[in-house]
Amino acid sequence: MRTLLNILWFIFGSGFLLAIAYGLAGIICFVLIVTIPFGVASFRLARYALWPFGYTIVEKPSAGLASTLANIVWLVVAGWWLALVHIVTGIAQCITLIGIPFGIANFKLVPAALWPLGREIVERP
């Protein structure tokens with residue numbers, strides 16, 4: 001079932017566009033050198049945005065103060081508007097019965113968009 005949902009998400013649920021947007025943000029972060037950790041997080045989000053069904057986000061126990069400080073910078077610069085886009089898109093998709101799973105997938109992306117460093121994406125059992 002999750003394979004079918006991932007394919008439908010890729011085509012109709014904006015998964016392809018989200019992955020491209022996060023990928024471009026990652027490339028820009030890598031070009032700027034100082035923001036490479038944000039680029040890594042952007043690529044991780046791109047992968048998660050491409051195939052969100054069957055995966056979940058968990059916090060890394062090894063994340064420390066540096067990732068918290070970097071997340072604060074991310075939140076101020078990019079995280080809040082990315083989360084807002086996911087919330088608005090999720091609400092719009094939940095209006096229809098068919099769009100509810102896609103809206104929920106967008107809501108799952110909100111915590112990662114707000115606070116991406118110090119988290120990892122794992123396969124759900």
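Parameters at a glance
- Residues numbered from 1 in each chain as written.
- Predicted model: local features only at pLDDT ≥ 70, side-chain atom pairs only at ≥ 80, totals over all residues.
- Heavy atoms only, no water.
- Helix = DSSP H or I, 4+ residues; strand = E, 2+ residues; numbered from the N terminus.
- Rg over C-alpha atoms; globule rule 2.2 N^0.38 Å.
- Buried < 20%, exposed > 50% of the residue type's maximum accessible area, 1.4 Å probe, protein only.
- Areas by Shrake-Rupley, 256 points an atom, 1.4 Å probe, with all protein chains shown as cover.
- Contact = heavy atoms within 4.5 Å.
- UniProt positions renumbered as here; feature names shortened; annotations may be inferred.
- Phe/Tyr/Trp six-rings, centres within 6.5 Å; stacked < 30°, edge-to-face > 60°.
- Lys NZ or Arg CZ within 6 Å of the ring centre and 35° of its normal.

Looking up the chain in an unreviewed UniProt entry gives the name Inner membrane component domain-containing protein, with the organism given as Catellatospora citrea.

A. Looking closely at the overall build of the chain. Scanning the chain for helices and strands turns up five helices and two strands. For the chain, the succession of helices and strands along the chain, N to C, is α-α-α-β-α-α-β. In terms of overall dimensions, the chain is globule-like: its C-alpha atoms have a radius of gyration of 14 Å, near the 14 Å expected for 125 residues. Along the first, second and third principal axes, the C-alpha set of the chain runs to 40 × 30 × 20 Å. A burial count over the chain gives 39% of its 125 residues as buried. Accessible surface computed for the chain: about 7200 Å², of which carbon and sulfur atoms make up 80%.

B. Quick peek at the side chain of Asn71. Looking at where Asn71 falls in the secondary structure, it is placed in helix H4 (residues 65-94). For Asn71, the contacting residues outside a window of four places in its chain are Leu114, Trp115, Pro116 and Leu117.

C. The arrangement of the UniProt feature "domain: Inner membrane component" (unreviewed entry) in the chain in detail. UniProt's entry tags residues 4-54 and 69-119 with the feature "domain: Inner membrane component" (unreviewed entry), counted in the numbering of this structure. When the span residues 4-54 is considered, its composition is 80% helix and 0% strand, and the gap between its end C-alpha atoms is 11 Å. Here residues 69-119 runs as 80% helix and 2% strand, with 14 Å between its end C-alpha atoms.

D. Fine view of the packing of aromatic side chains. Tallying each qualifying case throughout the model produces seven aromatic pairs. Look at Trp9 and Phe102: their rings are 6.0 Å apart centre to centre, the planes differ by 45°, and that puts the pair in the tilted class. Here Trp9 is found in helix H1 (residues 2-12), whereas its partner Phe102 is found in helix H5 (residues 100-114), with 93 residues between them in sequence. Across the pair, Phe102 and Trp9 agree in class, each one buried. Ring geometry for Phe10 and Trp51: centres 5.5 Å apart, planes at 15°, overall stacked. On the criterion of sequence distance, the pair formed by Phe10 in helix H1 and Trp51 in the loop between helix H3 (36-50) and strand E1 (55-59) is long-range, its members being 41 residues apart. Note on Phe10: relative accessible area 29%, which makes it partly exposed. With a relative accessible area of 33%, Trp51 lands in the partly exposed category. Taken together, the ring pairs in this structure connect Trp9, Phe53 and Phe102 into an aromatic cluster. Looking at Arg47, its charged tip hangs above the ring of Tyr55, at a distance of 5.1 Å from the centre.

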